[in-house]
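Summary of the model geometry
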Amino acid sequence: KFYAADAVGNLIEYNTSSSVTINAAPICNLLEFGSERIWCANIPAESGSRVRVSSFGGAGYWTIPANVASIADAPNSFDFQKDDGENILCMKNTPWGMVIGKRRSMHIVKGFDNATWRKVVIDPSIGCVDDRSMQMKDGVLVWLGTDGIYEWRGAGGPVPISLPIDNIVKSVGQIQNN
């Protein structure tokens, strides 16, 4: 199966012969897949700081029960610094959990279900500028931030790796900021 989102219409599921609109799913800007679920981030109708997570193994069930913490396979949602005025710009499933990036902060949701998930701040001031720049390369997460290219190996803080080409990277960052 293949899923598509465009922040305007409903989530669409494609298979080899047809497509289906998933009306129950939120309309979102970013999609990622992890822990046998669909992760949907930057939801215009709810919050640009929210990530919603589908139920285990399916795309059609998104209603969050009142007792979500006691139902491991139920859908869930997470808000990331909802009052900072920034939207989620990057999301990537990694071996360490789901990494969520805003322009000036990085977060991770660790665990595999509602009984084990926990939010952790990776860095309160280093963020990302575009989801397309966030990639896993040789077991390392790499992305473009507002002031350089960073890598993260799943522990500690992000490390700047663009210092030798800093003037070129900053000119690209300036383009992203405009």
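Residues numbered from 1 in each chain as written. Predicted model: local features only at pLDDT ≥ 70, side-chain atom pairs only at ≥ 80, totals over all residues. Heavy atoms only, no water.

Let's talk about the state of the cysteines
Disulfide: a covalent bond formed between the sulfur atoms of two cysteine residues. Inspection of every chain in the model, using the stated rule, returns 2 disulfides. Across the disulfide, cysteine 28 is cross-linked to cysteine 40 (sulfur-sulfur distance 2.0 Å). With the S-S bond torsion at -130 degrees, the cross-link from cysteine 28 to cysteine 40 turns out left-handed. Highlighted residues: cysteine 28 in the loop between strand S3 (19–22) and strand S4 (30–34) and cysteine 40 in strand S5 (residues 37–43), separated in sequence by 12 residues. As far as burial versus exposure is concerned, cysteine 28 and cysteine 40 are alike and both buried. A sulfur-sulfur distance of 2.1 Å marks the disulfide that ties cysteine 90 to cysteine 128. Given an S-S torsion of about 125 degrees, the disulfide between cysteine 90 and cysteine 128 has right-handed geometry. Taken together, the residues cysteine 90 in strand S8 (residues 88–94) and cysteine 128 in the loop between strand S11 (118–123) and strand S12 (135–137) connect sequence positions 38 residues apart. (Disulfide = S-S within 2.5 Å. Helix = DSSP H or I, 4+ residues; strand = E, 2+ residues; numbered from the N terminus. Buried < 20%, exposed > 50% of the residue type's maximum accessible area, 1.4 Å probe, protein only.)

Side note on the nonpolar core
If you look at the biggest cluster of nonpolar residues, it comprises 13 residues, and the most contacted ones within it are Trp39, Val51, Phe78, Phe80, Ile88, Met91 and Ile100. Within the residue set of this core, elements represented by two or more residues are S5, strand S6 (47–53), S8 and strand S9 (97–102). Apart from the residues within four sequence positions on either side, methionine 91 is in contact with Leu30, Leu31, Glu32, Trp39, Cys40, Ala41, Val51, Met98, Val99, Ile100, Asp131 and Met134. Judged by nonpolar contacts, the second largest core, of 12 residues, contains Val99, Met106, Cys128 and Tyr150. (Core = buried A, V, L, I, M, F, W, Y, C linked by side-chain atoms within 4.5 Å. Contact = heavy atoms within 4.5 Å.)

Some words on the packing of aromatic side chains
For any pair of aromatic rings, the description rests on two quantities: the centre-to-centre distance and the angle between the ring planes. According to the stated counting rule, one finds 7 aromatic pairs in the structure shown. When the ring of tryptophan 39 is compared with that of phenylalanine 78, the centres are 6.2 Å apart and the planes differ by 10 degrees; the resulting orientation is stacked. Taken together, the residues span a long stretch of sequence, with tryptophan 39 in strand S5 and phenylalanine 78 in strand S7 (residues 76–79) at a distance of 39 residues. An angle of 75 degrees between the planes, with centres 5.3 Å apart, marks the rings of tryptophan 96 and tryptophan 152 as edge-to-face. You can see tryptophan 96 sitting in the loop between S8 and S9 and its partner tryptophan 152 sitting in strand S14 (residues 148–152), a full 56 residues away along the chain. (Phe/Tyr/Trp six-rings, centres within 6.5 Å; stacked < 30°, edge-to-face > 60°.)

Description of the pairing of S8
Along S8, 5 of the 7 residues are buried, which leaves the element largely enclosed by surrounding structure. In this structure, S8 lies alongside S9, joined through 6 bridges in antiparallel fashion. Across the sheet, the residue bridging to asparagine 93 is methionine 98, located in S9. Hairpin connection from S8 to S9: 2 residues lie between these consecutive antiparallel strands. (Pairing = 2+ DSSP bridges.)

So, the sheet that holds S14
Strand order in the open sheet formed by 4 strands is S12-S13-S14-S15, and the pairing between neighbours is antiparallel. Taken across any chain shown, the strands that pair with only one partner, and hence form the sheet edges, are S12 and strand S15 (159–160).

Quick word on the sheet that holds strand S10 (residues 105–110)
To summarise the sheet geometry, strands pair through backbone hydrogen bonds and adopt either a parallel or an antiparallel arrangement. Read from one edge to the other, the open sheet built from 4 strands follows the order S8-S9-S10-S11, with strand pairing classed as antiparallel. At either margin of the open sheet sits one strand with a lone partner, and together these are S8 and S11. Each neighbouring strand pair of the sheet contributes to a mean axis angle of 25 degrees, computed without reference to strand direction. Note: S9 against S10, 5 bridges, orientation antiparallel. Counterpart to lysine 102 in the pairing with S10 is serine 105. (Axes fitted to C-alpha atoms, helices over the stretch in contact; angles between N-to-C directions.)

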